[in-house]
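Each chain, letter by letter, is given below.
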Amino acid sequence: MAYFYAAVWFAVGLILIARMGRENRVFYLLGGFFLFLGVWWTAGALTGINLFVGTWVWILRGVTSAVLAAALVVFFRQLRKDRENFKRGANGK
């Protein structure tokens, strides 16, 4: 089952980079994160090391937190920009 998860993470990462990257650059970051998850699951399956306990899980949590924080920053900046554009358009300016 670990190989299935790895394949899914790789597929999602490639789709985000290839298809969605043109829409917004944040998808390159998110696609890279999913590729990282694919490598993580593959490494766990191939080595037999449980990468979800001890120090390893903290590394995964740190990377996940950093990517989530970056994605949230981009999301809220885009949200603010869209609101400003909507207000300008609604007022006829």
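Conventions adopted
Residue indices follow the written sequence of each chain, beginning from 1 at its first position. Note on the predicted model: pLDDT of at least 70 is required for a residue's local features to be given, and 80 or more for side-chain atom pairs to be given and counted; whole-chain, interface and lining totals, by contrast, use all residues. With hydrogens and water set aside, each side-chain value is computed from the structure's full complement of heavy atoms. The numbering of helices and of strands both runs from the N terminus, where a helix is a DSSP run of H or I of at least 4 residues and a strand a run of E of at least 2. Expected span of a helix, by definition, is 1.5 Å for each gap between consecutive residues, and there is one gap fewer than residues. Throughout this description, buried means an accessible area under 20% of the type-specific maximum (1.4 Å probe, protein chains only), exposed means over 50%, and partly exposed covers the range between. Note: the arc covers the axis-to-C-beta directions of the helix. In this analysis, two residues are considered to be in contact whenever any of their non-hydrogen atoms come within 4.5 Å of each other. Salt bridges are defined by distance alone: a side-chain nitrogen of Lys or Arg within 4 Å of a carboxyl oxygen of Asp or Glu.

(A) Region of interest: helix α1 (residues 2-20). Helix length check: α1 (19 residues) gives 26 Å between terminal C-alpha atoms against 27 Å at 1.5 Å per residue, within 8%. Within α1, the full set of buried residues consists of Ala6, Gly13 and Leu16. End-on view of α1: buried residues confined to an arc of 95°, all on one side of the axis. Pointing more than 90 degrees away from the buried face of α1 are the exposed residues Tyr3, Phe4, Leu14 and Arg19. Where α1 is buried, its residues contact α2 (26-47).

(B) Representation of the pattern of salt bridges in the model. Scanning the model with the defined rule gives one salt bridge in all. Note that Glu84 is salt-bridged to Arg88, the shortest N-O span being 3.9 Å. With Glu84 and Arg88 both in helix α3 (residues 54-90) and four residues apart, the pair spans about one turn of that helix. Glu84 gets classed as partly exposed once you look at its relative accessible area, which sits at 39%. The class of Arg88 is partly exposed, set by a relative accessible area of 46%.

Geometric values such as these leave the question of function open.
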